[in-house]
Amino acid sequence: MPSAKIYYDQDADLNVLKDKTIVFLGFGNQGAAQAQNLRDSGIPNEQILIANRPDSYAEDAKAKGFKVEHDFVKAAKAADVVFILVPDQVQPRVFNETFTPNLKDTAAIVVASGYNVFFKLLKFKPTQDVVMVAPRMIGSSVRSLYVKGKGFPCFVSVEQDGTGNGLAVALALSRAIGATKAGAIDSSVYEETAMDLFAEQALWPNIIMLFREAFSVLKDAGCSDEALCYEMWMSKEPAEIFERAAEDGFIAQLKHHSTVSQYGQLSGALALDGTATREHFKNILHNQVLNGKFSGEFTKIEADLEKEGDENPLNVLYKKSEETELVQAEKRVRSRLANLL
């Protein structure tokens, strides 16, 4: 497969956004960061409108000097560009009910996650542009890196080019939020969704399972809760390892470890047969993620995620997970060593 195209500042023209009203649907971590970056890149404050229900996020937007509109229909009618930055699970209801019927025929819709576009859960007019501008950083880092004059990794794509100007708009927005300083990577909602959901449903569940089982094996071998919790994660060593991996390389970071550690990790990893794991991963990717099985199941429980107690399926999952030996031990350790944390 060919390498992805990477776009930089010189590929983007901010004049594309001249006189356009840019609406942010949601002012959470990403909305707050991207709206401020946009303004600091020279987009006049009067061109930026925050669509948010009356809550602490709306108050934060007002405190930061933005105009806030609680009436989403009015916001939709004013928008030339709309960033959809409310949580994935509420986007179809909020966007389809209030924005879809009222947006201009030539409006550009911007998503930061491919999920709802890939699974066709959002409704657009064929004349509109649908683009993805998806920072690969949390909102606070999107803002702090911009303030420091640095860029951040970001995926960009055009999913529907209704006006023929979709790419120019996507790149202008990417530059305005600071992404093209480091390079915005040409991607797609397919790629973003596949990688995101695969990580959440295949990679990280296996990592959680490995830590859980490793903890039990070492505890059975006589290791204390305190030693295990600190050795395995509370020392923040895993975070430092991943930070080194990002800076130096996934394997190259091992050179910061002892010779014993380097030899043990490299020889051990190469000796493992990944065939069964690969098949397990392929099954999740193709038969759970890409075929829409998970999306369909998740859609059925979306309303329940707003409920309290055991009526909320996410709360039930947390309760079951907190019953594991690892989590129970961690609670004991944190209560005993509170002054050290």
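Residues numbered from 1 in each chain as written. Predicted model: local features only at pLDDT ≥ 70, side-chain atom pairs only at ≥ 80, totals over all residues. Heavy atoms only, no water.

> How should the pattern of salt bridges be read in this particular structure?
Pairing is possible between side chains of opposite charge, provided their charged atoms come close. Evaluated as defined, the whole model comprises 16 salt bridges. Between Glu192 and Arg136 there is a salt bridge, with its nearest N and O atoms 3.4 Å apart. Remark: Arg136 occurs in the loop between strand E7 (129-135) and helix H6 (139-147) and Glu192 occurs in helix H8 (residues 189-220); sequence separation between them is 56 residues. For Arg136, a relative accessible area of 31% translates into the label partly exposed. (Salt bridge = Lys/Arg side-chain N within 4 Å of Asp/Glu carboxyl O. Helix = DSSP H or I, 4+ residues; strand = E, 2+ residues; numbered from the N terminus. Buried < 20%, exposed > 50% of the residue type's maximum accessible area, 1.4 Å probe, protein only.)

> How should I be thinking about the sheet that holds strand E1 (residues 6-7) in this particular structure?
Sheets are built from strands paired through backbone hydrogen bonds, the pairs being either parallel or antiparallel. The strand order across the open sheet built from nine strands is E1-E9-E8-E7-E6-E5-E2-E3-E4, with neighbouring strands paired in mixed fashion. Sheet topology places E1 and strand E4 (67-69) at the edges, where each strand pairs with a single neighbour. Across the sheet, helix H4 (residues 91-99) touches strand E2 (22-25), strand E3 (48-51), strand E5 (81-84) and strand E6 (108-111), and the angle it forms with E5 is around 160 degrees. Along the sheet face, H8 touches E7, strand E8 (154-161) and strand E9 (184-186) and points at about 130 degrees away from the line of E8. (Pairing = 2+ DSSP bridges. Contact = heavy atoms within 4.5 Å. Axes fitted to C-alpha atoms, helices over the stretch in contact; angles between N-to-C directions.)

> Sorry, what's going on with a nonpolar patch on the surface here?
Taken together, the side chains of Leu203, Trp204, Phe242, Phe250, Ile251 and Leu266 define a hydrophobic patch exposed on the protein surface, amounting to about 620 Å² of accessible area. With respect to the element layout, Ile251 can be found in the loop between helix H10 (237-248) and helix H11 (259-271). (Patch = residues over 30% accessible without salt bridge, like charges linked within 9 Å, V, L, I, M, F, W, Y side chains within 5 Å. Areas by Shrake-Rupley, 256 points an atom, 1.4 Å probe, with all protein chains shown as cover.)

> What is the right way to read helix H9 (residues 225-234) from this model?
An α-helical segment advances 3.6 residues per turn. Residues three or four places apart therefore align on the same side. All of the buried residues in H9 are Asp225, Leu228, Cys229, Met232, Trp233 and Met234. Buried residues of H9 fall within an arc of 130 degrees about the axis and therefore sit on the same side. Turning to H9, the residues buried within the fold contact H8, H10 and helix H15 (325-336). Looking one or two residues past H9, Lys236 carries a phi angle of roughly 70 degrees, positive in sign. (Arc of directions from axis to C-beta.)

> What's the story with the UniProt feature "domain: KARI N-terminal Rossmann" (unreviewed entry) in the chain in this structure? I'm lost.
Per the UniProt entry, the sites bearing "domain: KARI N-terminal Rossmann" (unreviewed entry) are residues 4-187 in this numbering. Across residues 4-187 one finds 33% helix and 21% strand; the C-alpha atoms that close the span lie 7 Å apart. (UniProt positions renumbered as here; feature names shortened; annotations may be inferred.)

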